[in-house]
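A closer look at the structure
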Amino acid sequence: MWERIWFEAPGFFTYHNAIFFLEAAGRTLGMTAAGCISGFVFGLILALLRQTSSPAFLPLRLIAIAYVELFRRIPFLVIVFIVLYAIQPLFPDASLFAIATIAVCLVATAFLSEIVRAGLESVPQQQIDGAVTLNFGPLRTLWYVVLPQAWRVIIPPAVAFAVMFIKDTSLASHIGVIELTFSGKMFLNRGFSPLLGFGTVLLLYFAMSYPLSRLGAYLENRLAPARRS
Amino acid sequence: MNYSFDFAEVLAELPYLLGGAAITLQIVFIAFFGGALLGLFGALGKVYGPSPLRRSINAYVVFVTNTPALVQIFVLYYALPDAGILLDSLTAVVIALTLNSAAYLTDIIRAGVVSVRQTEIDAALTLNMGRLQILRHVLLPHIASTVFPPLSNFFIWLMLGSSIAALFGVEELTGRAINISTANLRTIETFIVVAVIYVMLTLLASGALSLLGRRVLGVRQRLV
């Protein structure tokens, strides 16, 4: 096995292959970033809907709860399939990358909504009452009072979630998005040793994920004590 | 664009799909308990072991938890035959998921091991308990109640994650869904039904786990 890797290595570690791997890794990061950012925005909206109390919002509240509870209980792979077969007939020109990104967004919204909700709920009610007394509107209360305090609780698990999603996007390779895992499969099909192709893929995933998980651990230590005061 | 949904053909295959769900459960149980056993030893080694052992366990955990399970299975699935070891796809997937779970569970169980106070171990030593007795009567009950909530969440997460077995041709729930949809071409309907089955399965598992936690361990935490 090792002789084979040694023999194939010069043909494998070439400039063009390196560019190819980096572009694939870029697509992995792109899907993760798009999913996390849009997931955060929609997740925030869902979390805010769940915090409303007036009867007028009841249907929206129920939809928000149902969405979050359902999408956290369906495997990402199944969601990818559903999104693929739902979008392709409607928009035949949609790229596979776009389809995979939409699937990532749908799931990220559900998970990040729960993380955001925990953050919003960590802000003491007195803070909100105080803002209301100062005649702050709901949006200003959110922006100037709630969010600045909720960040500490939201950021560490959100980073941990991003780490999880870098790994989960590997499933997009199955529908043909040329991301990192797919590039590993391509080198396998070109006849390279599987350990060479997938080993490189593993190392590249590690290079993306490890700094982020260290950042998450650092932020958790850094922000946690402040939470108690 | 006119598409009329037709679930009849999919619902006719419901027994076949539920059979797949049973295989999903088998995969999850083996990977979870195998991973938990390895994770327990990993956690004990990481806390009480000598420095080289601690460092190698840590390296394993960090590497496995920072790379996708899918690629790990690819390596096992394609690279082992190169080394002369031939596995069928179900065995390869179960072994890979067990080894993958072991890394996550080492981290989860370690948090429980660390939460055991030295005074408890001292008290057990005073009572002249042996190493195994301490593990059985002091460490395990304490660890179990501390790590129960994250452990249950991981169980649910593994249930969803086990669907990647389908990509290697294992005929579990998702795999059977792929089989059906390629035959009846009702892809959307098939995967919606399968999604509902997954929701049911995880809801059942959450209910059973929180009941177990409350009755046996006295844990009253909200689970996923």
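As shown above, the structure is provided for reference.
Here is a short report on the structure shown in this document. Each residue is numbered by its place in its chain's sequence as written, counting from 1. Chain letters start at A and ligand numbers start at 1, both assigned in the order the entries are written. Local features in this predicted model are restricted to residues whose pLDDT is 70 or higher, and side-chain atom pairs enter the listing and the counts only when it is 80 or higher, whereas totals over whole chains, interfaces and linings include all residues.

1. Some remarks on the overall build of chain B
- Put simply, DSSP H or I for four residues or longer makes a helix, DSSP E for two residues or longer makes a strand, and each gets a number counted from the N terminus. When helices and strands are tallied, chain B shows nine helices and zero strands.
- Reading the helices (α) and strands (β) of chain B from amino to carboxyl end gives α-α-α-α-α-α-α-α-α.
- Taking the principal axes of its C-alpha atoms as reference, chain B extends roughly 75 × 45 × 25 Å.
- With C-beta atoms placed from the backbone, a residue is buried if 20 or more other C-beta atoms are within 10 Å of its own, exposed if 12 or fewer are, and partly exposed between those counts. Residues counted as buried form 41% of the 224 residues belonging to chain B.

2. Remarks on the overall build of chain A
- The secondary structure content of chain A amounts to nine helices and zero strands.
- For chain A, the N- to C-terminal ordering of α and β elements is α-α-α-α-α-α-α-α-α.
- Projecting the C-alpha coordinates of chain A onto the three principal axes gives extents of approximately 75 × 45 × 25 Å.
- Among the 229 residues that make up chain A, the fraction classed as buried is 39%.
- Across chain A, the fraction of contacts at a sequence separation of at least 24, relative to all contacts at a separation of at least 6, is 75%. This entry defines residue contacts through backbone-placed C-beta atoms, with two residues in contact when those atoms are within 7 Å.

3. Focus on the interface of chain A and chain B
- Taken together, the contact between chain A and chain B spans 32 residues of the former and 31 residues of the latter.
- For the side of chain A that touches chain B, the secondary-structure elements that each account for two or more residues are α4 (76-90), α8 (180-189) and α9 (194-228) of chain A.
- Among the elements that take part in the side of chain A that touches chain B, α9 of chain A stands out by supplying ten residues, more than any other.
- Under the scheme applied, nonpolar residues are Ala, Val, Leu, Ile, Met, Phe, Trp, Tyr, Cys and Pro; charged residues are Asp, Glu, Lys and Arg; polar residues are all the others, including Gly. Of the residues belonging to the side of chain A that touches chain B, the class tally is 22 nonpolar, seven polar and three charged.

4. Here's the deal with the environment of D6 of chain B
Residue and element names in this part refer to chain B.
- Relative to the helices and strands, D6 resides in the segment before α1 (8-12).
- Placed 184 residues apart in sequence, D6 and T190 show a C-alpha to C-alpha distance of 9.7 Å.
- Among residues more than four places away in sequence, those in contact with D6 are R186 and E189.

5. Some thoughts on helix α5 (residues 96-121) of chain A
- Its 26 residues give α5 of chain A an end-to-end C-alpha distance of 37 Å, which sits within 8% of 38 Å, the value for a rise of 1.5 Å per residue.
- Maximum bend of α5 of chain A: about 25°, positioned at T109 of chain A. Every helix has an expected span of 1.5 Å times one less than the residues it contains. A residue's bend is simply the angle between two axes: one fitted to the seven residues ending at it, one to the seven starting at it.

6. Regarding the environment of G175 of chain B
Residue and element names in this part refer to chain B.
- Structurally, G175 can be placed in helix α8 (residues 173-184).
- Spatially, the C-alpha atoms of G175 and Q26 are 14 Å apart, while their sequence positions differ by 149 residues.
- Contacts of G175, omitting those with residues within four sequence positions, involve G20, A165, A166, G169 and V170.

7. Digging into the nonpolar core
- Linking buried Ala, Val, Leu, Ile, Met, Phe, Trp, Tyr and Cys residues through C-beta atoms within 7 Å yields a set, and such a set is a nonpolar core. Within the largest apolar cluster, 116 residues are counted, with the highest numbers of intra-cluster contacts made by V78, I79, V80 and A103 of chain A.
- By residue number, the principal contributor to this core is α5 of chain A, which donates 15 residues.
- Among residues more than four places away in sequence, those in contact with V78 of chain A are S163, T174, F191, V194, A195 and Y198 of chain B.

8. Observations regarding unusual backbone geometry
- For N135 of chain A, which is not glycine, the phi dihedral falls at a positive 70°.
- Examined against the element boundaries, N135 of chain A turns out to sit in the loop between α6 (125-133) and α7 (138-168).
- You can call N135 of chain A exposed: it has 7 C-beta atoms within 10 Å.
- Positive phi values are uncommon outside glycine, yet L185 of chain B reaches one of about 60°.

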